[in-house]
Amino acid sequence: MNQPHSKPETYVLHRSSLAIPPRAVRGEGIYIFDQNGKSYLDASGGAAVSCLGHSDPAVRAAMHAQIDQIAYAHSGFFSTDAMEELAEDLVTHAPEGMAKAYFVSGGSEATEAALKMARQYFLEIGQPDRKYVIARRQSYHGNTLGALSVGGNMWRRKQFEPLLITASHIAPCYPYRDQMPGESDAAYGLRVANELETAILELGADSVAAFVAEPVVGATSGALAPVPGYFKRIREICDQYGVLLILDEVMCGMGRTGTLHAIEQEGISGDLQTIAKGLGAGYQPIGAILVSKKIDDAIANGSGFFQHGHTYQGHATACAAALATQRTIRERDLLANVVRQGELLADGLRERFGQHPFVGDIRGRGLFRGLELVADRETKDPFDPARKINAKIKKAAFARGLMAYPMGGTIDGVRGDHVLFAPPFIVTGDDVARIVDLFELAMNDVFTAEG
Ligand code: PLP
């Protein structure tokens with residue numbers, strides 16, 4: 001047995017070995033409390049997860065009830081009421097054309113399964129040459145190797161490049177940096193969407209399987225929404241060339257932007273759509289793929305077996321938690337609150353930071369809002385990454401009892417900083433005001449110290 005001479009401070013291999021995080025010992029509403037009784041206002045929902053806060057009674061009761069019946073039954077042997085009812089609930093409220101839900105345990109697993117399902121679809125319909133995947137620069141689809149391969153964030157990919165599968169990347173829809181002076185939203189949307197057509201033709205129209213995109217980009221770009229018409233053109237191009245459209249709503253989905261699915265605001269649907277994070281509100285780890293009828297039919301009428309699977313897929317307690325989460329959101333009309341408080345948050349951020357010398361853009365939808373930080377508002381020059389501005393803001397906010405989600409690599413995966421806000425859907429106007437106040441104090445702490 002391993003007998004260390006002196007007991008280390010922790011046996012956990014934490015994300016960073018530079019500092020051990022405080023212990024979360026209790027959750028109440030939108031607050032988390034640590035072992036010293038310090039409270040943290042969760043203005044980021046962790047990473048856009050905890051949409052019902054940390055103590056929802058309905059979700060906890062549903063989980064208890066499920067555990068009392070059966071906590072887990074392997075999906076290779078059984079279905080469960082929880083899994084069946086959750087799938088029905090999700091498909092009933094899904095974007096047009098979706099027929100089934102395939103369960104997994106998180107966002108990366110959802111991306112992996114969607115990529116494999118797209119590939120298998122083409123085998124089922126007799127188009128085995130279709131194997132390439134196109135995605136966008138400045139995107140994140142998960143940290144497992146397949147998901148990392150399609151993601152376009154260089155910082156996350158860099159050291160694992162030799163292990164990644166080939167994927168092509170086109171420009172993101174990023175008006176703050178790419179739209180030309182005088183160019184209309186419609187013209188800009190068309191210009192960047194048409195990069196997909198160019199990439200398809202370069203790879204060979206009959207060899208592309210799928211295009212993957214987040215309708216509103218989260219972790220890599222800070223709530224970056226598309227211009228109107230962009231996704232309509234993307235859908236047209238996919239249809240024209242027989243390419244599947246995979247929408248990654250792991251972060252922006254399940255109500256975060258004010259509609260249950262972010263893509264509803266673009267007036268199209270995908271062929272596959274991944275969801276996770278807000279699906280189970282963090283009470284249990286769960287993700288899913290919404291599967292369109294054409295893909296479901298192709299597999300059902302072909303081999304009849306999706307060549308994939310995970311031990312915990314469709315976990316009964318996770319499904320029960322997700323079902324209770326989704327019912328609670330509807331019963332309490334929380335999407336209306338997302339829209340209402342989202343506008344308040346946007347107004348507060350614009351009022352407090354609209355003229356801030358280091359805030360270049362304030363963007364987002366619903367309770368999914370971001371600030372892009374710049375060293376110079378005129379030139380839009382980013383901060384030198386070595387200054388680690390985003391990490392300093394996270395630390396200053398945390399010290400003041402605020403969880404915000406600052407990230408670097410906003411522009412090309414290396415340069416640029418942003419801050420993402422994704423508070424629980426249950427926030428009040430007072431909570432929103434407190435978020436803005438605390439964040440302003442944190443920004444002052446950092447920029448006063450930085451000079
Ligand atoms: N896709 C998107 C858009 C995400 O934001 C994330 C996580 O942040 C993932 C996929 C991966 O999800 P997970 O961390 O649950 O594997």
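That block above? That's the structure.
Residues numbered from 1 in each chain as written. Predicted model: local features only at pLDDT ≥ 70, side-chain atom pairs only at ≥ 80, totals over all residues.

**Quick notes on the overall build of the protein chain**
Alright, step 1. When you go through the protein chain residue by residue, the secondary structure sums to 14 helices and 15 strands.
Alright, step 2. Computed over the C-alpha atoms, the radius of gyration of the protein chain is 22 Å, within 12% of the 22 Å expected from 2.2 N^0.38 for a compact globule of 451 residues.
Alright, step 3. Principal axes of the C-alpha set define a box for the protein chain whose edges measure 60 × 60 × 55 Å.
Alright, step 4. By the burial criterion, 50% of the 451 residues in the protein chain qualify as buried.
Alright, step 5. Partitioning the contacts of the protein chain with sequence separation of at least 6, the portion at a separation of at least 24 is 72%. (Helix = DSSP H or I, 4+ residues; strand = E, 2+ residues; numbered from the N terminus. Rg over C-alpha atoms; globule rule 2.2 N^0.38 Å. Buried ≥ 20, exposed ≤ 12 C-beta atoms within 10 Å, placed from the backbone. Contact = placed C-beta atoms within 7 Å.)

**Section: the packing of helix α8 (residues 185–203) against helix α9 (residues 230–241)**
Alright, step 1. Relative orientation of the contacting elements α8 and α9 amounts to 20°, with a least axis distance of 8 Å. Classified by the angle between their axes, α8 and α9 sit roughly parallel to one another. The two elements α8 and α9 cross, and the hand of that crossing is right-handed. Mapping the contact onto sequence places G189, L190, V192, A193, L196, E197 and I200 in α8 and Y230, R233, I234, I237 and Y241 in α9. (Axes fitted to C-alpha atoms, helices over the stretch in contact; angles between N-to-C directions. Parallel < 35°, antiparallel > 145°, perpendicular 65-115°, else oblique. Left-handed = near helix turned anticlockwise from the far one by under 90°.)

**Here's the deal with the site of the ligand**
Alright, step 1. Around the ligand sit 15 residues in total, of which G106, G107, S108, V250 and M251 are the nearest.
Alright, step 2. Take the shell around the ligand: its biggest share by element is three residues, from helix α4 (residues 107–124).
Alright, step 3. Residues of the shell around the ligand, tallied by class, amount to six nonpolar, seven polar and two charged. (Near = placed C-beta within 6 Å. Nonpolar A, V, L, I, M, F, W, Y, C, P; charged D, E, K, R; others polar.)

**What about the sheet that holds strand β14 (residues 405–408)?**
Alright, step 1. Ordered in space as β11-β12-β15-β14, the four strands form an open sheet in which the pairing is antiparallel. Unpaired on one side and paired on the other, β11 (359–365) and β14 mark the two borders of the sheet. Across the sheet, the mean angle separating the axes of adjacent strands is 20° when strand polarity is ignored.
Alright, step 2. In terms of strand pairing, β14 meets strand β15 (residues 417–421) through four bridges, oriented antiparallel. Its bridge partner being in β15, Y405 is matched across the sheet by L420. (Pairing = 2+ DSSP bridges.)

**Structural notes on the sheet that holds strand β3 (residues 39–42)**
Alright, step 1. Ordered by their spatial adjacency, four strands build an open sheet running β1-β2-β3-β13, and the pairing between neighbours is mixed. Looking at the sheet topology across the chains shown, the edges are occupied by β1 (24–28) and β13 (402–403).
Alright, step 2. As defined by bridge partners, strand β2 (residues 31–34) adjoins β3 across three bridges and the pair is classed as antiparallel. Looking across to β3, one finds that I32 is bridged to Y40.

**Some remarks on unusual backbone geometry**
Alright, step 1. Non-glycine residue Q138 carries a positive phi angle of around 60°.
Alright, step 2. Residue position: Q138 is located in the loop between β5 (132–136) and α5 (145–150).
Alright, step 3. Despite not being glycine, M254 has its phi angle at roughly 55°, a positive value.
Alright, step 4. When you line up the elements, M254 lands in the loop between β8 (244–249) and β9 (272–275).
Alright, step 5. Overall, M254 belongs to the buried group, with 30 C-beta atoms counted inside 10 Å.

**Some details on the environment of D437**
Alright, step 1. Of note, D437 is situated in helix α14 (residues 429–450).
Alright, step 2. The exposure class assigned to D437 is partly exposed, which follows from the 14 C-beta atoms found within 10 Å.
Alright, step 3. For D437 and R352, which are 85 residues apart along the polypeptide, the C-alpha to C-alpha distance reads 8.8 Å.

**Brief notes about the environment of G146**
Alright, step 1. For G146, the location among the structural elements is in helix α5.
Alright, step 2. For the pair G146 and S108, spaced 38 residues apart in sequence, the C-alpha to C-alpha distance is 8.6 Å.
Alright, step 3. If we ignore the near neighbours within four places in the chain, the residues touching G146 are T111, E112, L115 and I165.

**Quick look at helix α2 (residues 57–69)**
Alright, step 1. Its 13 residues place the ends of α2 19 Å apart at the C-alpha level, agreeing with the 18 Å of an ideal helix rising 1.5 Å per residue.
Alright, step 2. If you check which residues of α2 are buried, you get V59, A62, M63 and Q66. Projection of α2 onto a plane perpendicular to its axis shows the buried side chains occupying an angular sector of 100°, all on one side. Across α2 from its buried face, at more than 90 degrees, point the exposed residues P57, A61, H64 and D68.
Alright, step 3. Against α3 (81–92) and α11 (316–331) lie the buried residues of α2. (Expected span 1.5 Å × (residues − 1). Arc of directions from axis to C-beta.)

**Focus: the nonpolar core**
Buried together is how nonpolar side chains tend to be arranged in soluble globular proteins.
Alright, step 1. Membership of the largest hydrophobic core comes to 130 residues, with the highest contact counts inside it found for A118, F211, L244, I246, A288, I289 and C319.
Alright, step 2. With nine residues, α11 is the single largest residue contributor to this core.
Alright, step 3. Once you skip the residues sitting within four places of it in the chain, I246 turns out to touch A114, A118, A210, F211, V212, G270, D271 and L272. (Core = buried A, V, L, I, M, F, W, Y, C linked by C-beta atoms within 7 Å.)

**Looking at the packing of helix α13 (residues 389–399) against α14**
Alright, step 1. Across the interface, α13 lies against α14 with an axial gap of 8 Å and an inter-helix angle of 125°. Between α13 and α14, the crossing angle belongs to the class labelled oblique. Of the two elements, α13 crosses α14, and the hand of that crossing is right-handed. Here α13 contributes K392, I393, A396 and A397 to the contact with α14, which in turn contributes L438, F439, A442, M443, D445 and V446.
Alright, step 2. Of the residues belonging to the contact of α13 with α14, the class tally is eight nonpolar, no polar and two charged.

**Re the pairing of β15**
It is a general feature of regular strands that their side chains alternate between the two faces of the sheet.
Alright, step 1. With five of five residues buried, β15 lies mostly within the body of the structure.
Alright, step 2. Judged by which residues are buried, β15 turns out to be covered on both faces: D417, V419 and F421 on one side and H418 and L420 on the other are all buried.
Alright, step 3. By the bridge criterion, five bridges tie strand β12 (residues 368–373) to β15 in an arrangement that is antiparallel. Residue L373 lies in a different strand from β15, and its bridge partner there is D417.

**Details of the pairing of strand β7 (residues 208–213)**
Alright, step 1. Of all six residues making up β7, six are buried, and the element is well covered by its neighbours.
Alright, step 2. One ladder, built from four bridges, connects β7 with β8; its direction is parallel. In the strand pairing of β8, A210 is matched with L244.
Alright, step 3. A crossover connection joins β7 to the parallel β8 through α9; in handedness this β-α-β unit is right-handed. (Right-handed = clockwise from strand over helix to strand, strands pointing away.)

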